[in-house]
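# Report on the structure
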Amino acid sequence: MKKLLISFGVFVFAITNAFAGDALTEDQAKRFVESLDSVNGFGDELEASGKTDRLAIDTQPKAGEKFMPYTKAISALKTNYPADYGRFAQLIKPHGFNADEWSGVGDRVMIAYLALHMQQEDPQAMAMLKQMDRSMLDNLPPELKSQMEASLVLVEAVQNAPQADMKVVSTVKAELDAYMEAQQKQ
C-alpha cells in the first residue's frame, strides 16, 4: 500500500510539473512581439503571391472550436504551402521558436492582449456579449450567421483568457499597442 501511495505521489508530482512548464512566460511574450515585424513581412509576401486567400478560409473560426488563429494559420501553411512553412520556420528560429511553439505562444499572447484591451477600453461590451443568446443566430442569413459564430468563438476565448496570461501580456502591452497602431496606419 505504501508503494502505491508513493507511486501515486510521484505521478501527481510529475503531472503537476509538466503543467507548470506550460505557463506563458514574459520571455516568450517578448520574443513573440519581437518576431511580429519579420512575420508581418513574410505575410506581405504571401499576400502578394495570392496565398493568403486560401489560408484565410482554413483559419476561419467555427462554432465549437477553440479560437487559435496562429495555430490554425501555421497548420494551414504547412498543409497548403510546405516550402513557405519551411521558410517561416527559419524566419522565427532566431527568436527562439519552432513554428508550433510560436503559434501556441501567439494564440495565448493575442487572446490575453484582446482581453486586456476589452477590460480597459470597453468593459460593458464584454458584459453585453456574455448575455447574447446564441439562438438569435438562427434567424440570420447563412453568411452573416457564420461571421457571427466566428465572432462568438473569439469572444468566448477572450472571456476565458487566463489571468496569468493577462498578467504576463501586460508587460508587453505597450509594444503590442504600438505594433497594432502601426498596422492600422498601413
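This section reports on the structure supplied with the text. Predicted model only: the values in this text are computed from it and were never measured.

### Thoughts on the layout of surface pockets
Each pocket or cavity is described by its volume, and for the largest pocket that value is around 970 Å³. Around the largest pocket, the lining is made up of 28 residues, and of these Val-39, Pro-69, Tyr-70, Ala-73 and Trp-102 lie nearest the centre. Of all elements in the fold, only α2 (26–48), α3 (52–59), α4 (69–80), α6 (99–121) and α10 (173–185) reach the threshold of two or more residues within the lining of the largest pocket. Considering each element in turn, the lining of the largest pocket owes the most residues, eight residues, to α2.

### Brief notes about the pattern of salt bridges
Counting across every chain of the model gives seven salt bridges. The shortest N-O distance in the salt bridge between Arg-108 and Asp-22 comes to 3.9 Å. One end of the pair, Arg-108, is in helix α6; the other, Asp-22, is in the loop between α1 (2–20) and α2, with 86 residues separating them in the sequence. The class of Asp-22 is partly exposed, set by a relative accessible area of 47%. Salt bridges linked by common partners bring Glu-45, Lys-51, Asp-84 and Arg-87 together as one network.

### Examining the packing of α2 against α6
α6 packs onto α2 with a crossing angle of 105° between their chain directions and a minimal axis gap of 10 Å. Of the possible angle classes, the one that applies to α2 and α6 is roughly perpendicular. Across the interface between the two elements, Gln-28, Ala-29, Phe-32, Ser-35 and Val-39 from α2 touch Trp-102, Val-105, Gly-106, Val-109 and Met-110 from α6. Of the residues in the contact of α2 with α6, the class split is seven nonpolar, three polar and no charged.

### Here's the deal with the packing of α4 against α6
Where α4 contacts α6, the two axes come as close as 7 Å, and the packing angle between them is 150°. In terms of orientation, α4 lies roughly antiparallel with respect to α6. Touching Pro-69, Tyr-70, Thr-71 and Ile-74 of α4 are Ala-99, Trp-102, Ser-103, Gly-104, Gly-106, Asp-107 and Met-110, all from α6. Residues of the contact of α4 with α6, tallied by class, amount to six nonpolar, four polar and one charged.

### With respect to the side chain of Asp-107
Within the secondary structure, Asp-107 sits in helix α6. Here Thr-71 takes part through its side chain, which lies 2.4 Å from a polar atom of the side chain of Asp-107. Excluding residues that lie within four positions of it along the chain, Asp-107 makes contacts with Met-68, Pro-69, Tyr-70 and Thr-71.

### Quick notes on helix α5 (residues 82–92)
Listing the buried residues of α5 in full gives Asp-84, Tyr-85, Phe-88 and Ile-92. Buried residues of α5 fall within an arc of 105° about the axis and therefore sit on the same side. The outward face of α5, more than 90 degrees from its buried face, is lined by the exposed residues Pro-82, Ala-83 and Gln-90. Buried residues in α5 make contact with α2, α4 and α6.

### Section: the packing of aromatic side chains
One pass over the full model with this rule turns up five aromatic pairs. With a centroid separation of 5.5 Å and an interplanar angle of 80°, the aromatic rings of Phe-32 and Tyr-70 are classed as edge-to-face. In this pair, Phe-32 is assigned in helix α2 and Tyr-70 in helix α4, connecting sequence segments 38 residues apart. With relative accessibility at 0%, the residue Phe-32 sits in the buried group.

### Quick word on the nonpolar core
Within the largest apolar cluster, 38 residues are counted, with the highest numbers of intra-cluster contacts made by Phe-32, Leu-77, Phe-88, Trp-102, Val-109, Val-169 and Leu-176. Listed by contribution, the elements that provide at least two residues to this core are α2, α4, α5, α6, α8 (142–159), α9 (163–169) and α10. Apart from residues lying up to four places away in sequence, Leu-77 is in contact with Phe-42, Leu-46, Leu-55, Pro-82, Asp-84, Tyr-85 and Phe-88.

Criteria and cut-off values
- Residues numbered from 1 in each chain as written.
- Predicted model: local features only at pLDDT ≥ 70, side-chain atom pairs only at ≥ 80, totals over all residues.
- Heavy atoms only, no water.
- 1 Å grid on protein atoms, 1.4 Å probe; cavity = no way out; pocket = protein on both sides within 12 Å on 5 of 7 lines; lining within 4 Å.
- Points joined across faces, edges and corners; volume = space filled by probe spheres on them.
- Helix = DSSP H or I, 4+ residues; strand = E, 2+ residues; numbered from the N terminus.
- Salt bridge = Lys/Arg side-chain N within 4 Å of Asp/Glu carboxyl O.
- Buried < 20%, exposed > 50% of the residue type's maximum accessible area, 1.4 Å probe, protein only.
- Axes fitted to C-alpha atoms, helices over the stretch in contact; angles between N-to-C directions.
- Parallel < 35°, antiparallel > 145°, perpendicular 65-115°, else oblique.
- Contact = heavy atoms within 4.5 Å.
- Nonpolar A, V, L, I, M, F, W, Y, C, P; charged D, E, K, R; others polar.
- Polar contact = N/O pair within 3.5 Å; in protein donor to acceptor, adjacent residues only side chain to side chain.
- Arc of directions from axis to C-beta.
- Phe/Tyr/Trp six-rings, centres within 6.5 Å; stacked < 30°, edge-to-face > 60°.
- Core = buried A, V, L, I, M, F, W, Y, C linked by side-chain atoms within 4.5 Å.

These results come straight from atomic positions and should not be treated as a statement about function.
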